[in-house]
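# Observations on chain architecture
Single-letter residue listing:
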Amino acid sequence: MTVAPTLPGAVTVRVPAKVNLELRVGPRRPDGFHALATVYQAVSLHDDVSIARWDDWQVVAAGTYADRIPTDGDNLAVRAARLVAERWDVDERLSIRIDKDIPVAGGMAGGSADAAAALVACDQLWGLGLDRDELAELAASLGSDVPFLLTGGNAMGSGRGEQLAPVLARGTFHWVFAVSDTGLSTPEVYAECDRLRERDGVRVGEPQISAELMAALRSGDPAALGAALHNDLEPAAFSLRPQLRELRDAGVEFGALGGVVSGSGPTVAFLTESHEAALDLSVSLAASALCRDLRRARGPVHGAQVVPVARTA
Ligand code: C5P
């Protein structure tokens, strides 16, 4: 990843991406969100968000996907920082540098990750001493996935995804992520999910995580986890982007233990047996020309954390 120079006195926070091991989508709620049951895993694709005092708000984008993020007030990291400034009456403006290595609009919570990182960075820079609950409340107001990016690891999400509970899990898992050139809009994917359900007369009840997935995580068995991967948004993502189905099927044919669209897509996540198997799968997928951008990662990893100054110098 390209590293842009850091401003003096900056605080840098490193934050991971997420994959949904299972995503069950329930009915649409009166507030427009869908009731969810999901199991998140944080994976080792990271953004670094650095903030420093500045005479106006500014976003500087660097890294792999720098050209694909907004650098105005729409940027979730800016919204997060402004929220903290307003809430705690801090009359300061910030330069926010984002080293972007998490795919953008890919279903891996890249924007949410930057919001989580900005919250942690502001807390540190302004010495606010926010506790876990205060951070989680701010995070939830910024997006359904943001609280999980604060904690990382493996966790179960309910409500609209923002209410977290710990999950018993062991082991490290090895992933290949097939990243698309153009993103998918999360609201559009949920809307397509509703449309398909309506068209097919599908009625859904309260979403629940499967016993198979929980058992797979408890045992740390990658083959069992690969077989248990599931995403209710996948038919909607396939409907909007039919080539994703071909990509998912190819990865499984090339030896992945399981393949699933990550979140609202279009990134397809493949679980493999080992680091070596992940390398092999990347080579096969690259040769198939179905996807040019393949990223390997392991999970779980921890959530947003301040990077000690010596490591950024
Ligand atoms: O919470 P977040 O900002 O990530 O949500 C983006 C959009 O995704 C929402 O505006 C909504 O359209 C959809 N969504 C949903 N149900 C959820 C989470 C997100 O319908 N539980």
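Keep in mind that this is a model prediction, so the values were computed, not measured.

This brings us to the nonpolar core. Judged by nonpolar contacts, the single largest core of 73 residues is most densely connected at L21, I51, L94, I96, W175, F177 and L225. Excluding residues within four positions of it along the chain, L94 makes contact with I51, A52, R53, W54, D56, W57, Q58, A81, C122, L125 and W126. Counting residues in each nonpolar core, the second largest holds 26 residues, with L23, L36, L196 and A236 among its members.

This part covers the domain arrangement of the chain. Segmenting the chain into domains produces domain 1 (11-167) and domain 2 (173-299). The gap between the C-alpha centroids of domain 1 and domain 2 is 22 Å. If you look at the interface, domain 1 gives 35 residues, while domain 2 gives 42 residues. Between domain 1 and domain 2 the total buried area reaches about 3,000 Å² when both faces are included, carbon and sulfur atoms providing 59% of it. Connecting domain 1 to domain 2 are two salt bridges. Across the contact surface, domain 1 and domain 2 share 20 residue pairs in polar contact (both at pLDDT 80 or more).

Next up on the list: the pairing of strand 6 (residues 163-166). The side chains of a regular strand alternate, residue by residue, between the two faces of the sheet. Of the pairings in the sheet, the one linking strand 5 (residues 154-158) to strand 6 comprises four bridges and is antiparallel in character. If you follow S158 over to strand 6, its bridge partner there is Q163. Where strand 5 folds back onto strand 6 in an antiparallel hairpin, the turn is made up of four residues, including G159, whose phi is positive at roughly 70°.

Calculation rules
- Residues numbered from 1 in each chain as written.
- Predicted model: local features only at pLDDT ≥ 70, side-chain atom pairs only at ≥ 80, totals over all residues.
- Heavy atoms only, no water.
- Core = buried A, V, L, I, M, F, W, Y, C linked by side-chain atoms within 4.5 Å.
- Buried < 20%, exposed > 50% of the residue type's maximum accessible area, 1.4 Å probe, protein only.
- Contact = heavy atoms within 4.5 Å.
- Domains from an automatic or database assignment.
- Buried area = accessible area lost by both parts, 1.4 Å probe.
- Salt bridge = Lys/Arg side-chain N within 4 Å of Asp/Glu carboxyl O.
- Polar contact = N/O pair within 3.5 Å; in protein donor to acceptor, adjacent residues only side chain to side chain.
- Pairing = 2+ DSSP bridges.
- Helix = DSSP H or I, 4+ residues; strand = E, 2+ residues; numbered from the N terminus.

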